Amino acid sequence: MQIIEMSKRFNAPVRQVFEDLCDHEKFGHLTSASIVRIKDAGDAGNPNGLGSVRRIKVPGVPAIEETVIRFEPNRRMDYTITRGGPITNHRGSLRFRSEGDATVVDYTISFEPKLPIPLLGTLLEGIIRFPINRGLDKLARSYNKQRTSAATQES
């Protein structure tokens, strides 16, 4: 079993960070992947919630589909791959918590490679981790710019 753990602090309220990271299309823009919601959640107020399905397409890799299996607004979102991909027993979990005026997101992904090839899990871990880390950093920078801009305008 491969386990990827990432933690990131954002200078923004939980509500805003949750909305940006749990919106399928916005998350796709952050990670530079083509992510499209192909099935809305049963909750009309939040189409990205429990039961929603997103298709992820990265150049050179067959598309995968992920289904949201746990959704607690402003607290947690879990998902699993339900179609495609070179991995099995997959689960992703984003957990959100406030720290003063900031938000901390703990992001955990666990999976097993479908094929028993030595070091394949390590390779897949890198392929998964890099764009997500880059996207989280990009989002953190955008919040920092917003905060800096707002402080400058107040001066």
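Details of the structure are given in the entry above.
Cut-offs used in this document
- Residues numbered from 1 in each chain as written.
- Predicted model: local features only at pLDDT ≥ 70, side-chain atom pairs only at ≥ 80, totals over all residues.
- Heavy atoms only, no water.
- Buried < 20%, exposed > 50% of the residue type's maximum accessible area, 1.4 Å probe, protein only.
- Helix = DSSP H or I, 4+ residues; strand = E, 2+ residues; numbered from the N terminus.
- Arc of directions from axis to C-beta.
- Polar contact = N/O pair within 3.5 Å; in protein donor to acceptor, adjacent residues only side chain to side chain.
- Pairing = 2+ DSSP bridges.
- Phe/Tyr/Trp six-rings, centres within 6.5 Å; stacked < 30°, edge-to-face > 60°.
- Lys NZ or Arg CZ within 6 Å of the ring centre and 35° of its normal.
- Contact = heavy atoms within 4.5 Å.
- Axes fitted to C-alpha atoms, helices over the stretch in contact; angles between N-to-C directions.

Visitor: I tried to follow helix 2 (residues 24–31) on my own but got confused; where do I start?
Guide: Along an α-helix, a turn takes 3.6 residues, which lines up residues three or four apart on a common side. Within the span of helix 2, buried status applies to H24, F27, G28, L30 and T31. All buried residues of helix 2 fall inside an arc of 160 degrees around its axis, so they share one side. The opening residue of helix 2, the one whose side-chain oxygen lies 3.1 Å from the backbone nitrogen of E25, is D23. S32 occupies a position one or two residues after helix 2 and carries a positive phi of about 60 degrees.

Visitor: Help me out: how do you make sense of the pairing of strand 3 (residues 53–58) in this one?
Guide: For a regular strand, the rule is simple: side chains alternate between the two faces of the sheet. As defined by bridge partners, strand 2 (residues 34–39) adjoins strand 3 across 5 bridges and the pair is classed as antiparallel. Pairing of V36 across the sheet is with R55, part of strand 3. Relative to strand 4 (residues 61–72), strand 3 is paired through 5 bridges, and the arrangement is antiparallel. Residue pairing in the sheet places I56 in a bridge with I64 of strand 4. Counting the residues between successive antiparallel strands, the hairpin from strand 3 to strand 4 contains 2 residues, one of them, G60, with a positive phi of roughly 85 degrees.

Visitor: Just to check I follow, could you spell out the packing of aromatic side chains for this structure?
Guide: Here the distance between the centres and the angle between the planes together describe a pair of aromatic rings. Tallied over the full model, the rule gives 4 aromatic pairs. Residues F27 and Y107 carry aromatic rings whose centres are separated by 6.4 Å and whose planes lie at 45 degrees to one another, so their mutual orientation is tilted. Of this pair, F27 sits in helix 2 while Y107 sits in strand 7 (residues 102–113), and the two are 80 residues apart along the sequence. Residue classification places F27 among the buried residues on the basis of a relative accessible area of 6%. Here the aromatic residues F18, F71 and F96 are joined through ring pairs into a cluster of three or more. For R54, the ring lying beneath its charged end belongs to Y79, and the centroid distance is 4.6 Å.

Visitor: For this particular structure, what's the right way to read the side chain of S52?
Guide: By the element assignment, S52 lies in the loop between strand 2 and strand 3. Within polar-contact distance, the side chain of S52 engages the backbone oxygen of N48 at 3.0 Å. Among all residues touching S52, those that are not within four sequence positions of it are H24, R37, K39, D40, A41, P47, E66, T67 and V68.

Visitor: What exactly am I supposed to notice about the sheet that holds strand 3 here?
Guide: Within a sheet, neighbouring strands are paired by backbone hydrogen bonds and run either parallel or antiparallel to one another. The sheet built from 7 strands is open, its strands ordered 1-7-6-5-4-3-2 with antiparallel pairing. Sheet topology places strand 1 (2–10) and strand 2 at the edges, where each strand pairs with a single neighbour. Sheet twist, expressed as the average angle between the axes of neighbouring strands with direction ignored, equals 20 degrees. Across the sheet, helix 1 (residues 14–22) is in contact with strand 1, strand 4, strand 5 (76–83), strand 6 (87–99) and strand 7; its angle to strand 6 comes to roughly 160 degrees.

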